[in-house]
Amino acid sequence: QVQFVESGGGLVQPGGSLRLSCASSGSRFSEHSLVWDRQAPGKQRELVARISRTGNTFYADSVKGRFTISRDNAKNTMYLQMNNLKPEDTATYYCSTFLPRAGWGPGTQVTVSS
């Protein structure tokens with residue numbers, strides 16, 4: 001089944017931008033609804049954004065208007081463009097299938113700090 005590797009995280013100042021990538025090495029990428037989740041230390045994992053196999057999107061209220069999820073089925077890759085980053089966005093970010101959550105990799109760390 002589909003497996004993912006997250007990349008693109010790093011240290012950025014408040015107000016800055018990052019683009020995360022989620023590369024698939026598995027099968028049937030185009031047939032899955034996909035998500036970006038994040039987990040901060042001591043906090044529960046939470047949904048950040050979701051994209052259907054046809055491109056419909058959903059965003060958590062905390063990131064709406066700042067983040068954009070997209071996918072390129074020809075490249076078997078999903079992206080998360082993050083603009084106007086805030087300290088509360090600091091977390092490890094994971095990509096996976098939507099239901100059930102499956103195929104996530106080690107995640108990529110995003111730290112927003114001045």
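Just so it is clear, the model here is predicted, and its values are computed rather than measured.

Calculation criteria
Here, residues in each chain are numbered from 1, in the same order as that chain's written sequence. Side-chain atom pairs in this predicted model are given and counted only at pLDDT of 80 or more, local residue features only at pLDDT of at least 70, and totals for whole chains, interfaces and linings cover all residues. Calculation of side-chain values draws on the structure's entire complement of heavy atoms; hydrogens and water are dropped beforehand. In this description, a disulfide is simply a cysteine sulfur pair whose atoms lie within 2.5 Å. Going along the chain from the N terminus, every DSSP run of H or I of four or more residues is numbered as a helix, and every run of E of two or more is numbered as a strand. For every residue, the accessible area (1.4 Å probe, protein chains only) is compared with the maximum for its type, and the residue is labelled buried under 20%, exposed over 50%, or partly exposed between those bounds. For Phe, Tyr and Trp, rings pair up if their centres lie within 6.5 Å, where Trp contributes its six-membered ring, and each pair is then called stacked (planes under 30 degrees apart), edge-to-face (over 60) or tilted (otherwise). Among buried residues, the Ala, Val, Leu, Ile, Met, Phe, Trp, Tyr and Cys ones that are joined through side-chain atoms within 4.5 Å form a nonpolar core. By definition in these notes, contact holds between two residues if any of their heavy atoms fall within 4.5 Å. Counted as a polar contact is a pair of N or O atoms within 3.5 Å, where, for protein atoms, one must be capable of donating a hydrogen and the other of accepting one, and residues adjacent in sequence contribute only when both atoms are in side chains.

Participant: Please set out the state of the cysteines residue by residue, giving values where relevant.
Facilitator: The full count for this structure, using the stated rule, is 1 disulfide. C22 shares a disulfide with C95; S-S distance 2.0 Å. Around the S-S axis, the bridge from C22 to C95 shows a dihedral of about 85 degrees and counts as right-handed. One end of the pair, C22, is in strand 3 (residues 18–24); the other, C95, is in strand 9 (residues 91–97), and 73 residues separate them in sequence. Accessibility expressed as a relative area gives 0% for C95, which makes it buried.

Participant: Describe the packing of aromatic side chains, and please don't skip the residues or the numbers.
Facilitator: Per the counting criterion, the structure on display carries 1 aromatic pair. Between F4 and F29 the ring centres are 6.4 Å apart and the planes differ by 65 degrees, which places this aromatic pair in the edge-to-face class. Here F4, found in strand 1 (residues 4–7), pairs with F29, found in the loop between strand 3 and strand 4 (34–39); they are 25 residues apart in sequence, far enough to count as distant. Assessed through its relative accessible area of 4%, F4 is described here as buried.

Participant: Just give me the short version of the nonpolar core, but keep the residues and values in it.
Facilitator: Grouped together as the largest cluster of nonpolar side chains are 26 residues, with contacts concentrated most on W36, M78, L80, M82 and Y93. The set of elements that each furnish at least two residues to this core consists of strand 3, strand 4, strand 5 (46–51), strand 7 (67–72), strand 8 (77–82), strand 9 and strand 10 (108–112). Leave out the neighbours within four places in its chain, and M78 touches L20, S21, C22, F29, L34, V35, W36, I51, I69, S70, R71 and C95.

Participant: Please provide a residue-by-residue account of the side chain of D89, values included.
Facilitator: Following the sequence through the fold, D89 ends up in the loop between strand 8 and strand 9. Assessed through its relative accessible area of 0%, D89 is described here as buried. Engagement of the side chain of D89 in a polar contact is seen with the side chain of R38, the distance being 2.9 Å. D89 has contacts with R38, V63, R66, F67, V110 and V112, leaving out every residue within four places of it along the chain.

Participant: Describe unusual backbone geometry, and please don't skip the residues or the numbers.
Facilitator: For the bond running from L99 to P100, omega is -5 degrees, close enough to zero to count as cis. Here P100 shows up in the loop between strand 9 and strand 10. You will see that N76, though not glycine, has its phi angle at about 50 degrees, which is positive. You can see N76 is positioned in the loop between strand 7 and strand 8. Of note, N84 is a non-glycine position whose phi angle comes to about 50 degrees, a positive value. Residue placement: N84 occurs in the loop between strand 8 and strand 9.

Interpretation note: all reported values are geometric properties and have no functional meaning in isolation.
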